[in-house]
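Here is what each chain is made of, one letter per residue.
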6 protein chains.
Amino acid sequence: MLLALSTWQEIEAYLERSTAIIIPIGSTEQHGPNGLIGTDSICPTHIAAGMAEKEDMLVAPTISYGMSQHHMAFAGSATLSPSTLMAVVIDIVGSFRQHGFTHFYFLNGHGGNIAPVTSAFSEIYAGHGNDKTSPRCRLANWWRDSAIAALAKELYGNAEGYHATVSEVALSYHAHPEAVKHAEMEPAVAPTDEFYDAADFRRKFPDGRIGSSPQLATVADGERFYQLAVETLTKDFHAFVANS
Amino acid sequence: MLLALSTWQEIEAYLERSTAIIIPIGSTEQHGPNGLIGTDSICPTHIAAGMAEKEDMLVAPTISYGMSQHHMAFAGSATLSPSTLMAVVIDIVGSFRQHGFTHFYFLNGHGGNIAPVTSAFSEIYAGHGNDKTSPRCRLANWWRDSAIAALAKELYGNAEGYHATVSEVALSYHAHPEAVKHAEMEPAVAPTDEFYDAADFRRKFPDGRIGSSPQLATVADGERFYQLAVETLTKDFHAFVANS
Amino acid sequence: MLLALSTWQEIEAYLERSTAIIIPIGSTEQHGPNGLIGTDSICPTHIAAGMAEKEDMLVAPTISYGMSQHHMAFAGSATLSPSTLMAVVIDIVGSFRQHGFTHFYFLNGHGGNIAPVTSAFSEIYAGHGNDKTSPRCRLANWWRDSAIAALAKELYGNAEGYHATVSEVALSYHAHPEAVKHAEMEPAVAPTDEFYDAADFRRKFPDGRIGSSPQLATVADGERFYQLAVETLTKDFHAFVANS
Amino acid sequence: MLLALSTWQEIEAYLERSTAIIIPIGSTEQHGPNGLIGTDSICPTHIAAGMAEKEDMLVAPTISYGMSQHHMAFAGSATLSPSTLMAVVIDIVGSFRQHGFTHFYFLNGHGGNIAPVTSAFSEIYAGHGNDKTSPRCRLANWWRDSAIAALAKELYGNAEGYHATVSEVALSYHAHPEAVKHAEMEPAVAPTDEFYDAADFRRKFPDGRIGSSPQLATVADGERFYQLAVETLTKDFHAFVANS
Amino acid sequence: MLLALSTWQEIEAYLERSTAIIIPIGSTEQHGPNGLIGTDSICPTHIAAGMAEKEDMLVAPTISYGMSQHHMAFAGSATLSPSTLMAVVIDIVGSFRQHGFTHFYFLNGHGGNIAPVTSAFSEIYAGHGNDKTSPRCRLANWWRDSAIAALAKELYGNAEGYHATVSEVALSYHAHPEAVKHAEMEPAVAPTDEFYDAADFRRKFPDGRIGSSPQLATVADGERFYQLAVETLTKDFHAFVANS
Amino acid sequence: MLLALSTWQEIEAYLERSTAIIIPIGSTEQHGPNGLIGTDSICPTHIAAGMAEKEDMLVAPTISYGMSQHHMAFAGSATLSPSTLMAVVIDIVGSFRQHGFTHFYFLNGHGGNIAPVTSAFSEIYAGHGNDKTSPRCRLANWWRDSAIAALAKELYGNAEGYHATVSEVALSYHAHPEAVKHAEMEPAVAPTDEFYDAADFRRKFPDGRIGSSPQLATVADGERFYQLAVETLTKDFHAFVANS
Ligand code: NI
Ligand code: NI
Ligand code: NI
Ligand code: NI
Ligand code: NI
Ligand code: NI
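Below is a short write-up of the structure. These figures come from a predicted structure and were not determined experimentally.

Cut-off values and rules
Numbering of residues starts from 1 in every chain and runs along the sequence as written. Labels are handed out in written order, letters beginning with A for the chains and numbers beginning with 1 for the ligands. Since the coordinates come from a predicted model, pLDDT governs what is reported: local features require at least 70, and pairs of side-chain atoms require 80 or more to be given and counted, while whole-chain, interface and lining totals use all residues. Side-chain descriptors were evaluated using all non-hydrogen atoms of the structure, hydrogens and water having been removed beforehand. Helix numbering and strand numbering both begin at the N terminus, where a helix is a DSSP run of H or I of at least 4 residues and a strand a DSSP run of E of at least 2. Three labels apply to residues, based on accessible area from a 1.4 Å probe with only protein chains included: buried if under 20% of the type maximum, exposed if over 50%, partly exposed otherwise in between. In what follows, a contact means two residues having at least one pair of non-hydrogen atoms within 4.5 Å. Using a 1.4 Å probe, buried area is obtained as the accessible area two parts lose upon being combined, added over both of them. Here, a salt bridge means any side-chain nitrogen of Lys or Arg that lies within 4 Å of a carboxyl oxygen of Asp or Glu. The term polar contact refers here to a pair of N or O atoms within 3.5 Å; inside protein, the definition further demands a hydrogen-donor-capable atom paired with an acceptor-capable atom, and it admits residues adjacent in sequence only when both atoms are side-chain atoms. Each residue gets one of three labels, nonpolar for Ala, Val, Leu, Ile, Met, Phe, Trp, Tyr, Cys and Pro, charged for Asp, Glu, Lys and Arg, and polar for the others, Gly among them. Ligating atoms shown are N, O and S within 2.8 Å of the metal, or 3.2 Å for Na, K and Ca, and water is not included, meaning a site may look less than complete. Copies are brought into register by a least-squares superposition over C-alpha atoms of residues with pLDDT of at least 70 in both. As used here, the term nonpolar core means buried Ala, Val, Leu, Ile, Met, Phe, Trp, Tyr and Cys residues forming a set that is joined through side-chain atoms within 4.5 Å. Following DSSP output, two strands are said to pair if at least two bridges run between them. Orientation is described by axes fitted as lines to C-alpha atoms, over the contacting stretch for helices, and by angles from 0 to 180 degrees between their N-to-C directions. Ring geometry is summarised as follows: Phe, Tyr and Trp rings, the Trp one being its six-membered ring, pair when their centres sit within 6.5 Å, and such pairs are stacked at plane angles under 30 degrees, edge-to-face over 60 and tilted between the two. Counted charges follow a simple rule, with Lys and Arg positive, Asp and Glu negative, and His plus the chain ends left uncounted.

## Digging into the environment of Ala147(C)
Residues and elements named next belong to chain C.
Right, so step 1: For Ala147, the location among the structural elements is in helix α5 (residues 146-156).
Right, so step 2: Judged by its relative accessible area of 27%, Ala147 falls in the partly exposed class.
Right, so step 3: In the structure, Ala147 is positioned 81 residues away from Leu228 in sequence and 7.6 Å away in space, judged by C-alpha atoms.
Right, so step 4: Discounting chain neighbours no more than four positions away, the residues touching Ala147 are Leu228 and Thr232.

## Thoughts on the interface of chain E and chain F
Right, so step 1: Counting residues at the interface gives 53 residues for chain E and 53 residues for chain F.
Right, so step 2: Buried area between chain E and chain F, both sides added, is near 3,900 Å², and the carbon and sulfur share of it is 62%.
Right, so step 3: Considering only the surface of chain E that becomes buried against chain F, Leu5(E), Trp8(E) and Tyr65(E) emerge as the three largest contributors, covering 19% of it.
Right, so step 4: With a closest N to O distance of 2.8 Å, Glu10(F) and Lys181(E) form a salt bridge.
Right, so step 5: The tally of links between chain E and chain F comes to 22 residue pairs in polar contact (both at pLDDT 80 or more).
Right, so step 6: Counting only elements with at least two residues in the side of chain E that touches chain F, the list comes to α1 (8-17) and α3 (82-98) of chain E.
Right, so step 7: Considered class by class, the residues forming the side of chain E that touches chain F number 26 nonpolar, 20 polar and 7 charged.

## Section: the interface of chain B and chain A
Right, so step 1: Contacts between chain B and chain A engage 53 residues on the former and 53 residues on the latter.
Right, so step 2: For the pair chain B and chain A, the two sides together bury roughly 3,900 Å², of which 62% comes from carbon and sulfur.
Right, so step 3: At the junction of chain B with chain A, the criterion picks out 2 salt bridges.
Right, so step 4: Where chain B packs against chain A, one counts 21 residue pairs in polar contact (both at pLDDT 80 or more).
Right, so step 5: For the side of chain B that touches chain A, the secondary-structure elements that each account for two or more residues are α1 (8-17) and α3 (82-98) of chain B.
Right, so step 6: Here the side of chain B that touches chain A is built from residues that sort into 26 nonpolar, 20 polar and 7 charged.

## Section: the coordination of the nickel ion (ligand 4)
All names here are of chain D.
Right, so step 1: Protein coordination at the nickel ion (ligand 4) comes from His31 (NE2), Asp40 (OD) and Glu168 (OE), with a distance range of 1.9 to 2.1 Å.
Right, so step 2: Donor residues binding the nickel ion (ligand 4) come from one chain and are separated in sequence as H-x8-D-x127-E. Taken together, the residues span a long stretch of sequence, with His31 in the loop between β1 (20-25) and α2 (39-54) and Glu168 in helix α6 (residues 166-175) at a distance of 137 residues. Like His31, the residue Glu168 is buried in the burial classification.

## Structural notes on the environment of Thr234(A)
Residues and elements named next belong to chain A.
Right, so step 1: Here Thr234 shows up in helix α8 (residues 219-243).
Right, so step 2: Exposure remark for Thr234: the relative accessible area of 8% places this residue in the buried category.
Right, so step 3: In sequence terms Thr234 and Met51 are 183 residues apart; their C-alpha atoms lie 6.3 Å from each other.
Right, so step 4: Apart from residues lying up to four places away in sequence, Thr234 is in contact with Met51, Glu55, Met57 and Ala229.

## Observations concerning the relation of the copies chain B and chain A
Right, so step 1: For the pair chain B and chain A, the superposition axis carries a translation of 0.0 Å, the fit reaches an RMSD of 0.0 Å, and the rotation angle comes to 180 degrees. Such values leave the two copies arranged in the relation of a two-fold axis. Minimal C-alpha separation from the rotation axis in chain B is found for Thr84(B), amounting to 3.3 Å.
Right, so step 2: Both copies share a contact surface, since 100% of the interface residues of chain B are interface residues in chain A too.

## Things to note about the nonpolar core
Right, so step 1: Counting 421 residues, the largest nonpolar core has Phe96(A), Phe96(B), Phe96(C), Phe96(D), Phe96(E) and Phe96(F) as the members making the most contacts within it.
Right, so step 2: Take this core: its biggest share by element is 8 residues, from helix α8 (residues 219-243) of chain E.
Right, so step 3: Once residues within four sequence positions are removed from consideration, Phe96(E) is found in contact with Leu3(E), Ile21(E), Ile23(E), Ala60(E), Phe101(E), Phe104(E), Tyr65(F), Gly76(F), Ser77(F) and Ala78(F).

## Topic: the sheet that holds strand β1 (residues 20-25) of chain E
Residue and element names in this part refer to chain E.
Right, so step 1: One open sheet accounts for 3 strands, arranged β1-β2-β3; its pairing is parallel. Each edge of the open sheet is held by one strand with a lone partner, namely β1 and β3 (136-141). Put simply, the sheet's adjacent strands are angled 20 degrees from each other on average, direction ignored.
Right, so step 2: Bridging between β1 and strand β2 (residues 103-108) involves 6 bridges; their strand directions are parallel. Paired with Ile21 across the strands is Phe104, a residue of β2.
Right, so step 3: The sheet contacts of helix α2 (residues 39-54) involve β1 and β2, and relative to β1 the element is tilted by about 155 degrees.

## A few points about the packing of aromatic side chains
Right, so step 1: Using the criterion set out here, one finds 72 aromatic pairs over all chains in the structure.
Right, so step 2: The interplanar angle of 65 degrees and the centroid separation of 4.9 Å between the aromatic rings of Phe201(D) and Phe205(D) together place this pair among those described as edge-to-face. For the pair shown, Phe201(D) and Phe205(D) are each scored as buried.
Right, so step 3: In textbook terms, an aromatic cluster arises when at least three aromatic residues are bridged by ring pairs, as seen for Trp8(A), Phe74(B), Phe195(B), Phe201(B) and Phe205(B).

## Some details on the pairing of β1(E)
Right, so step 1: When you tally the buried positions in β1(E), you get 6 out of 6 residues, the bulk of the element.
Right, so step 2: By the alternation rule, side chains of β1(E) split into Ala20(E), Ile22(E) and Pro24(E) and Ile21(E), Ile23(E) and Ile25(E), which are all buried.

## Overview of the relation of the copies chain E and chain F
Right, so step 1: Overlay of chain E on chain F (RMSD 0.0 Å): rotation 180 degrees, translation along the axis 0.0 Å.
Right, so step 2: Taken together, the interface assignments show that 100% of the residues at the interface of chain E recur at the interface of chain F, consistent with an identical surface on both copies.

## Quick look at the side chain of Glu160(B)
All names here are of chain B.
Right, so step 1: Summarising the element assignment, Glu160 is placed in the loop between α5 (146-156) and α6 (166-175).
Right, so step 2: Buried charge without a partner: Glu160 forms no salt bridge, and the closest opposite charge is Lys153, 10 Å away.
Right, so step 3: Beyond its immediate stretch of four places on either side in the chain, Glu160 contacts Ala152, Thr165, Val166, Ser167, Gly211 and Ser212.

Dropping the structure here:
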């Protein structure tokens, strides 16, 4: 069930059955020579839609802009400052709480969001002290799920990489097969390194990839990630709601 | 050309041809008994996609959460505070400016966004003083376009209304025919009034509509609005880029 | 009754009779070759004083600095950022609420204030959710009143203009006849156009006027606007208090 | 020369002669049984006008709302939070700097403004590092001037007090003889004490005075304070401009 | 009793005996040729430890960074902006309040902290309106204590000075005899003047001292200040707790 | 070399030799029945002092208050909000940058600081775009160092735990042997679980420990951690400075 395609009366009815909501969150940032700028938003949006197709779960509109400061030396990347992203998360949780939602499952597609979203959760909890009814927030990073990580390892070994990974590019292609791209990449497996600011990132990773070979990504592999992610994150969602 | 489905190299190439970008902005809020909670985001996203299909224009991901404080007494509505929405707009404009974009065409679907987005533009301009290269920002409210308003008047007269209007519901149905809803509404044409806070809104407009009869909305009408909006807003976009 | 010239015991007594307050709000910005920099503050201050002379209404001190970013390329203009102005409005409403005031009638003299003050109202309402006793705020733009606009049209036709209008200059002269100025202006009626930042404003409107001929302004006309504004805004004030 | 009654061309001309500006700043707060709520704004406004009558000095509109948190238990008092007041001061200084002003003489009527305005100055200076052209800001508290304090001591001894002082009430009466009030006060000289929050203030000073006997205030005394303040603060202003 | 060296159960027990806490606050800024950069933090930390040795008082960790904008032209100085320091104070008071603390005794070593900390207290009080249980905050500036000031006067006369004073350098040497420094200073007594920003400070006080001769500082004198400060501030602390 | 015990001239000289600085950062929060509330600040302060004893490294004053929202249900804990902590880090880095420092090594003792400090780094980098001289910031979490973690595993196996760990309590005891505490704990090894807000934390971990047996902590073990941490973090510091 997609919030954007529902009426308010349908949400009122949903709240009788569940007070949990899935909020996909991604970014708008470069993903190398053949990866889509929307990759990090497309992936959690796609997985969440799959979850909601199979079970009675409510999916909110995707937060499509994230914290991508380190990608800003590549055209088309956009970033919210950490404090802006925190404000967005705080406002959205605060809004849905007014209607009775209690469990906020942020399905995340982007590593750079982890620090600010975690910080936002702390600000949210701080507002509730020892209040026994304070909200429950979880940041689920789909690519860090152990089953997903194992599949990526099995399929690509070290060529999976850390940014513009094969798995995320494949999953985005499954969501948007019309947007599959092909590009020469040199070297085949991108370098890895620590990095600091955006200029440093670009110097070290001139085509935008970190440690990955996204030229290996296919729609067919994307479907495997999709099926697995829908299954494994559905379990994670149920565990979250049941245990917190 | 959709930013989310492009690579950074494709954006680098686009910047050789144009430094203007379309940024759809909407809201997540109740739209009466048969209107979709995503209406205000769906409409500008749909129009922008149509514009980009016909001409070489770049469309950024939609800002799906807007300033909807007055809708918060209806389940499923979410709101950013005005200052959060201002920060989002400022950060996004600031990001794209770093890549050389100069013209920011916010294609807006929601009246409640006008005050904070206009305020954000002032903060952006303030940062540039007499700088001759300061950005150019425009907030284009699709439903206020004179051709669109005339069509709505012609089709529905006063039943077009002010919130959950027939035209916006029709346009959202054209974008998502799978989500067409039917609902009894009483009275046929909703009341109109001034309103203050969310509780006052709900008291005066108990099913969420203001002055409208969205039960008249059809996919066929939606297509007329779509075609007209693509045409008339494309002209508006060109005028903006040419004259500022 | 002027708050600034009252004692706290007099205000305590007033609150027994009424919980409504008028707060004039203006700006400090250029108004063309013969308009006063204080025009936008002087006008609502003058009208409010007239209202309070005739009826038992309480008038707070004027907020003399507004959001005037686009006038900053002319000497003497000052601007609060939108977020500062929002904070000022929020703090003042919050202060008076502590004493039991419920109705806040902002009598506004400056178009640039509309977006930030409207945004501030939303932040204020957001703090009160479904609270039935939340405050009622109204932004009354004196020059947009239909009777006032009709008089300006009758007297000056299109030469009334959009900034440094004849009516506001005339009204400010009625308030301060000692400050009447004379200046040559070329062309007689200033140009009109859309504008973006402060530099753009100055380029397009080199003497500060938009579409107006303020050399037509006289103290006598100012008196007509004054009498009409006191009468018509008093009605508006009563309607606001009665109906909200 | 009053900024509010000038045109932008007149300010442009003034800037050829001087780059210093006087900005009166006060508050809107209770001043005991016979003191005006506007006392702290009226006094510096009155003195500044006197200074500008005698010499070629420019006076900006008064900041009429200050930091008055501790007076909030008395009807009619209003307060900006310290951070709002800081933002106001920062924005106003930043605005006038754009036109070439270099010396900002805040003529202050309220002790509660000292901490936030001083903090604002630090934020302003922080923005300029070792920049040799950074602005010069001075907070001149008229009642702390040694000549003024000596006159108050001579006239009233200890009955001058610390809030709703005889001198400030007298000076406000000189500015507004139409608003002179009479009230019984018990005890004749109000108590003095340290205080914390607004409730504590009201408990300790039930009629709003601290240590003062403002029933002694007369228009005639007010004139003496006025003449002396105009003279002594004019000297202080010149010393500030000459030595910084 | 030092909070940092206690367990939470020990604090729970302390709260049965007292709800007052001492919070030393200083700065990290130059203190002339032989003064330590940590002087302003070392002094109140040292005094507070002495107070807690003699009586059952709880001392929180020192806030070691203060508002030192005007010292920024000297290597090693650091500053929080006034608004950051305000946030720090507000958060710390808010935290301890949750555990039941009611009296917050900030033992301050740095004049530049006075404006922002005082502003923070106002923001804290504003949050509590007429709440009878609002916290009590006191900023105790050790060097302004009359007994301390008298001793400094007696020992050094005018050579005590205003920054990098003999007394504070002596006291810091008593706390850290291993860090005693020797330096030639010319002139023997540093100049005094008003100052504005950091560049102005450095121009007027090229070695960092204002009006002082810290070459007179000895560990032995430091001990006298230490003993006196422990005694006199202990009394001040008790008076604060008893009377507010 | 401790910044707090240096003069500004000594820092000026240090900057000729190095532009790197170590900034210990911790928290003020419960650490179970025998752990010190200052543990997280004491540990990095102690290690940093050890590093500076052996080599020519500069250590700034410790940031003693961190982000500890989830510990707030235990007496004595204090927390900065994430945004306050971000502001502190941003201001301190900005301050030292003015003197020419380029490398900021935050030696961290508290897991809860990771998200906000990482977010602060992003805000800092965002201010510098493609500026080739932007600062380099590193958050070194001493307990996550692989050598340290291996030693803890070897000594305590799973009883090391996740909060109030044996290793951190031991290290704090080595720094403050006068503060060693003894307490009965039941069960011997504390439970582990995910947690949300402060109330949830207290429910799940009633004595404050997570998964640990800090009753095993000894000064002797603390010395082993101290020696190892000084050695291994010195290497990490050099690698950071050399490679970034
Ligand atoms: Ni990604
Ligand atoms: Ni709509
Ligand atoms: Ni105007
Ligand atoms: Ni006063
Ligand atoms: Ni000092
Ligand atoms: Ni710890």
